[in-house]
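# Examination of the molecular architecture
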Amino acid sequence: MLDGWIRRRIVWYLKNSQVLAWRVKRRGECVRCGKCCELCLAHDAKNKRCRIYVIRPSICKAFPLTPEDIENIQTCGFYFKK
Ligand code: SF4
Ligand code: SF4
């Protein structure tokens, strides 16, 4: 999980062109399963909500950035077109 957190930040800050390319192929919507937030201190697991939702970082709004972000999250409502 932590390696995904680090990889995501590398992609976000250093390889943003990849993010934009994958964005075009991204479909679906967030079904609020909370899986992408599990490691975050702002995540309220009990109520399945983000405590700072209104001011959450841009990288959170952009999740999933690439297919790798959700390859182990079966519950995510997003997917990427081949
Ligand atoms: S959306 Fe909120 S809870 Fe989820 S990772 Fe971002 S800040 Fe944390
Ligand atoms: S894993 Fe996907 S569906 Fe679940 S909270 Fe994150 S973006 Fe939303």
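One can find the structure itself at the top, above this paragraph.
Residues numbered from 1 in each chain as written. Chains lettered and ligands numbered in written order. Predicted model: local features only at pLDDT ≥ 70, side-chain atom pairs only at ≥ 80, totals over all residues. Heavy atoms only, no water.

### Here's the deal with the site of ligand 2
- In the region of ligand 2, the neighbouring residues are C30, V31, R32, C33, G34, C36, F63, I73, C76, G77 and F78.
- Residues belonging to the shell around ligand 2 are distributed by class as follows: eight nonpolar, two polar and one charged. (Near = heavy atom within 4 Å. Nonpolar A, V, L, I, M, F, W, Y, C, P; charged D, E, K, R; others polar.)

### Brief notes about helix 1 (residues 2-14)
- When the terminal C-alpha atoms of helix 1 are compared, their 18 Å separation across 13 residues agrees well with the 18 Å that a helix rising 1.5 Å per residue should span.
- Of the residues making up helix 1, those classed as buried are G4, R8, V11 and W12. Down the axis of helix 1, the buried set is contained in an arc of 95°. They therefore lie on one face. Turned more than 90 degrees from where helix 1 packs its buried face, L2, D3, Y13 and L14 sit exposed.
- In this structure, the buried side of helix 1 is in contact with helix 2 (16-23) and helix 3 (58-61). (Helix = DSSP H or I, 4+ residues; strand = E, 2+ residues; numbered from the N terminus. Expected span 1.5 Å × (residues − 1). Buried < 20%, exposed > 50% of the residue type's maximum accessible area, 1.4 Å probe, protein only. Arc of directions from axis to C-beta. Contact = heavy atoms within 4.5 Å.)

### Observations concerning the site of ligand 1
- For ligand 1, the full set of nearby residues is C37, C40, A42, H43, C50, I52, R56, P57 and C60.
- Considered class by class, the residues forming the shell around ligand 1 number seven nonpolar, one polar and one charged.

### Observations regarding the pattern of salt bridges
- Tallied over the full model, the rule gives four salt bridges.
- With its nearest N and O atoms 2.4 Å apart, the salt bridge here joins D69 to R7. Here D69, found in the loop between helix 3 and strand 4 (78-80), pairs with R7, found in helix 1; they are 62 residues apart in sequence, far enough to count as distant.
- Note on D69: relative accessible area 6%, which makes it buried.
- R7 sits in the partly exposed class, given a relative accessible area of 26%. (Salt bridge = Lys/Arg side-chain N within 4 Å of Asp/Glu carboxyl O.)

### Quick look at the packing of aromatic side chains
- Across all of its chains, the model carries one aromatic pair by this definition.
- Plain terms: the ring middles of W22 and F80 are 5.5 Å apart, the flat faces sit at 80° to each other, and that makes the pair edge-to-face. Of the two residues, W22 sits in helix 2 while F80 sits in strand 4, which places them 58 residues apart along the sequence.
- Given the relative accessible area of 28%, W22 is considered partly exposed.
- Taking the ring centre of W5 as reference, the NZ or CZ of R9 above it sits at 3.8 Å.
- Between the NZ or CZ atom of R56 and the centre of the ring of Y53, over which it lies, the distance is 3.8 Å. (Phe/Tyr/Trp six-rings, centres within 6.5 Å; stacked < 30°, edge-to-face > 60°. Lys NZ or Arg CZ within 6 Å of the ring centre and 35° of its normal.)

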